[in-house]
Amino acid sequence: MRSWSTSRLWATSCRFSVGSTLLAKDERSLEHDNTTGFNCRYAVAPGPKRWSVHAYGLAIDVDPVENPYVEGGRVHPRAGRAFLDRSHVRPGMAVWGGTLVRAFAAVGWRWGGRWTSAPDYQHFSRTGG
Ligand SMILES: [Zn+2]
């Protein structure tokens, strides 16, 4: 397993362009419901520009259609709108007390679904961010 400091060096050595092309690829990947881990990109969250925890290999997005990221009324991916009612649990959905959230919690990873202002139901990370 890669250590935190090694991961940081690896991420900061990503010298390719992180622009709209890559973001468009990210959106397409979400639309295809791909579960992804490492991704050398900046954080989507508001605030100063900084590396995403995905750039350090410390986060995984699981089944993004069933577990969308809800940011300021926008849903990523758009097909995730069908899964905004989190009380109607269907296969692939991460929910409190569910297998997915409990499995990640058992190894110390935290769920983005706990963020009330911009829940990221697909996101699990070692750092909690
Ligand atoms: Zn994520």
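Every chain begins its residue count from 1, and numbering advances along the sequence as written. Whole-chain, interface and lining totals are the exception, using all residues; otherwise, since this is a predicted model, local features are given only for residues with pLDDT of at least 70 and side-chain atom pairs are given and counted only at 80 or more.

### Some remarks on unusual backbone geometry
Part 1 of the argument: Cis geometry is adopted by the peptide bond preceding P77, which originates at H76 and carries an omega value of -5 degrees.
Part 2 of the argument: Non-glycine residue D33 carries a positive phi angle of around 60 degrees.
Part 3 of the argument: One can find D33 in the loop between α2 (20-31) and β1 (59-61).
Part 4 of the argument: The residue D63 is not glycine, and still its phi comes out positive at about 40 degrees.
Part 5 of the argument: Only DSSP runs of H or I reaching four residues or more are called helices, and only runs of E reaching two or more are called strands; each is numbered from the N terminus. By the secondary structure assignment, D63 is in the loop between β1 and β2 (69-71).

### Focus on the nonpolar core
In a soluble, globular protein the nonpolar side chains are often hidden away together inside.
Part 1 of the argument: What we call a nonpolar core is a set of buried Ala, Val, Leu, Ile, Met, Phe, Trp, Tyr and Cys residues whose membership is set by joining through C-beta atoms within 7 Å. Between the buried cut of 20 or more and the exposed cut of 12 or fewer other C-beta atoms within 10 Å of a residue's own C-beta lies the partly exposed class, and all C-beta atoms are placed from the backbone. Counting twelve residues, the largest nonpolar core consists of V53, A55, Y56, L58, A59, V62, A94, L100, V101, W111, Y121 and F124.
Part 2 of the argument: In this structure V62 touches T35, N67, A94, L100, Q122 and F124, once residues within four positions along its chain are discounted. Residues are defined as contacting one another if the C-beta atoms placed from their backbone atoms lie within 7 Å.

### What to know about the environment of R50
Part 1 of the argument: Its location among the elements puts R50 in the loop between α2 and β1.
Part 2 of the argument: Of the residues examined, R50 has 11 C-beta atoms within 10 Å and is grouped as exposed.
Part 3 of the argument: Excluding anything up to four places from it in sequence, R50 contacts Y42 and A43.

### Comments concerning the environment of A59
Part 1 of the argument: By secondary structure assignment, the location of A59 is in strand β1.
Part 2 of the argument: Judged by the 25 C-beta atoms lying within 10 Å of it, A59 falls in the buried class.
Part 3 of the argument: Distance from A59 to N39, taken between C-alpha atoms, is 9.1 Å for residues 20 residues apart in sequence.
Part 4 of the argument: The contact partners of A59, leaving out residues within four places of it in the chain, are V53, H54, H123, F124 and S125.

### A word on the confidence of the model for the protein
Part 1 of the argument: Here pLDDT means the predictor's own confidence in every residue, given as a number from 0 to 100. Averaged over every residue, the pLDDT of the protein is 85; residues scoring 70 or more account for 81%.
Part 2 of the argument: Mean pLDDT values over the elements of the protein span from 45, in helix α1 (residues 4-12), up to 98, in strand β4 (residues 110-111).
Part 3 of the argument: Residue range residues 1-22 is modelled with pLDDT below 50. Its contacts to residues more than four positions away, or to other chains, number 16 contacts.

### A short note on the sheet that holds β1
Part 1 of the argument: Spatial ordering of the open sheet is given by β1-β5-β4, a layout of three strands whose pairing is antiparallel. Looking at the sheet topology across the chains shown, the edges are occupied by β1 and β4.
Part 2 of the argument: Bridge count between β1 and strand β5 (residues 123-125): three bridges; the pairing is antiparallel. Bridge pairing in β5 links A59 to S125. Two strands make a pair as long as DSSP finds a minimum of two bridges between them.

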